[in-house]
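Single-letter residue listing:
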Amino acid sequence: MFADRPEDLASRETVLSMSGLEFMRAIRDGTLPQPPIGRTLNYRVTEVEPGRVVFTGAPTFEHTNPLGTVHGGWYGTLLDSCMACAVQTTVPRGRIYTTLEYKVNVTRNLPIGTEIVAEGVVSHAGRSTGVAEGTIRGVADGKLYATGSTTCIIMDGA
């Protein structure tokens, strides 16, 4: 289930009452809705563990650029999301995070309809920053389609 309206998203109080790991598991398990951007870009949270989050999805024709290839923003959004959500799994109750910066490298063209896994893995989880790396790989072919890295800032939620 994806959020259909702002009221469907978790309240600030709900977010702050949970650790980041609890929050991400609730999305994976359907206790909280998947984010609406997942419907738009055709992906969903499928795996969550401490320091690691995986999305599955596939680009559609709606995600192409004028040349008919998958737009770089699709790769970027999936990588930003899975890497930042991996950092989220390390954030303690009462704190929040946001992306400070991220970088994406597209290694090859991803054919429309190719099912992928986008995996974010934390390499540093500190009190005020988190760093993660990410990959997008084809499910059937195992090929690497893009890589990324991110730095997130972790803040008090009050």
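Computed from a predicted structure; not experimentally measured.

A. Representation of the overall build of the chain in the model. From N to C terminus, the chain includes four helices and six strands. In summary, the chain has a C-alpha radius of gyration of 15 Å against a globular reference of 15 Å for 158 residues, a match within 12%. Here the chain holds 158 residues, and the buried ones make up 42% of them. Nonlocal contacts in the chain, meaning residues at least 24 apart in sequence, comprise 64% of its contacts between residues at least 6 apart. Carbon and sulfur atoms form 55% of the exposed surface of the chain, whose accessible area is close to 7900 Å². The positive charge centre, built from 14 side chains, and the negative charge centre, built from 16, are 3 Å apart in the chain.

B. The sheet that holds strand S4 (residues 116–125), seen in detail. If you trace the six strands from one edge of the open sheet to the other, you get S1-S2-S4-S5-S6-S3, paired in antiparallel fashion. With partners counted over all chains shown, the strands left at the sheet margins are strand S1 (43–49) and strand S3 (95–106), one partner each. The sheet shows a mean angle of 20° between the axes of neighbouring strands, direction not considered. Bridge count for strand S5 (residues 129–138) against strand S6 (residues 144–156) is nine bridges, and the pairing is antiparallel. Paired with Arg 137 across the bridge in S6 is Leu 144. Packing of helix H2 (residues 20–29) onto the sheet brings it into contact with S1 and strand S2 (52–57), and relative to S1 it is tilted by some 135°.

C. Local environment of helix H4 (residues 72–88). Spanning 17 residues, H4 covers 24 Å between terminal C-alpha atoms, matching the ideal 24 Å at 1.5 Å per step. Taking burial as the measure, the 17 residues of H4 include 14 buried ones, the bulk of the element.

D. Focus on the pattern of salt bridges. On inspection of all chains with the given rule, the structure shows nine salt bridges. Here Glu 119 ties to Arg 52 by a salt bridge, and the two come within 2.5 Å at their closest N and O atoms. A residue pair is termed long-range when its members are at least 10 positions apart, and Glu 119 in strand S4 and Arg 52 in strand S2 qualify at 67 residues. Under the relative-accessibility criterion, Glu 119 is labelled partly exposed at 25%. Arg 52 sits in the buried class, given a relative accessible area of 19%. Linking Asp 156 and Arg 95 is a salt bridge whose minimum nitrogen-to-oxygen distance equals 3.2 Å. Placement of Asp 156 in strand S6 and of Arg 95 in strand S3 is noted, with a sequence separation of 61 residues between them. Taking relative accessible area as the criterion, Arg 95 reaches 15% and is therefore assigned buried.

E. Structural context of the side chain of Ser 19. Mapped onto the elements, Ser 19 comes out in the loop between helix H1 (12–17) and H2. Take Ser 19: its relative accessible area is 18%, and that puts it in the buried class. Those residues in contact with Ser 19 that sit more than four places away from it in its chain are Val 91, Pro 92 and Arg 93.

F. Structural context of the nonpolar core. The biggest cluster of nonpolar side chains holds 36 residues, and the ones touching the most others in it are Met 24, Val 53, Phe 55, Leu 78 and Ile 136. Sort the elements by how many residues they give to this core and H4 lands first, with 10 residues. When residues no more than four places from it in sequence are discounted, the contact partners of Leu 78 are Leu 41, Tyr 43, Phe 55, Ile 116, Ala 118 and Ile 136.

Calculation criteria
Residues numbered from 1 in each chain as written. Predicted model: local features only at pLDDT ≥ 70, side-chain atom pairs only at ≥ 80, totals over all residues. Heavy atoms only, no water. Helix = DSSP H or I, 4+ residues; strand = E, 2+ residues; numbered from the N terminus. Rg over C-alpha atoms; globule rule 2.2 N^0.38 Å. Buried < 20%, exposed > 50% of the residue type's maximum accessible area, 1.4 Å probe, protein only. Contact = heavy atoms within 4.5 Å. Areas by Shrake-Rupley, 256 points an atom, 1.4 Å probe, with all protein chains shown as cover. Lys, Arg positive; Asp, Glu negative; His and termini not counted. Charge placed at Lys NZ, Arg CZ, Asp CG, Glu CD. Pairing = 2+ DSSP bridges. Axes fitted to C-alpha atoms, helices over the stretch in contact; angles between N-to-C directions. Expected span 1.5 Å × (residues − 1). Salt bridge = Lys/Arg side-chain N within 4 Å of Asp/Glu carboxyl O. Core = buried A, V, L, I, M, F, W, Y, C linked by side-chain atoms within 4.5 Å.

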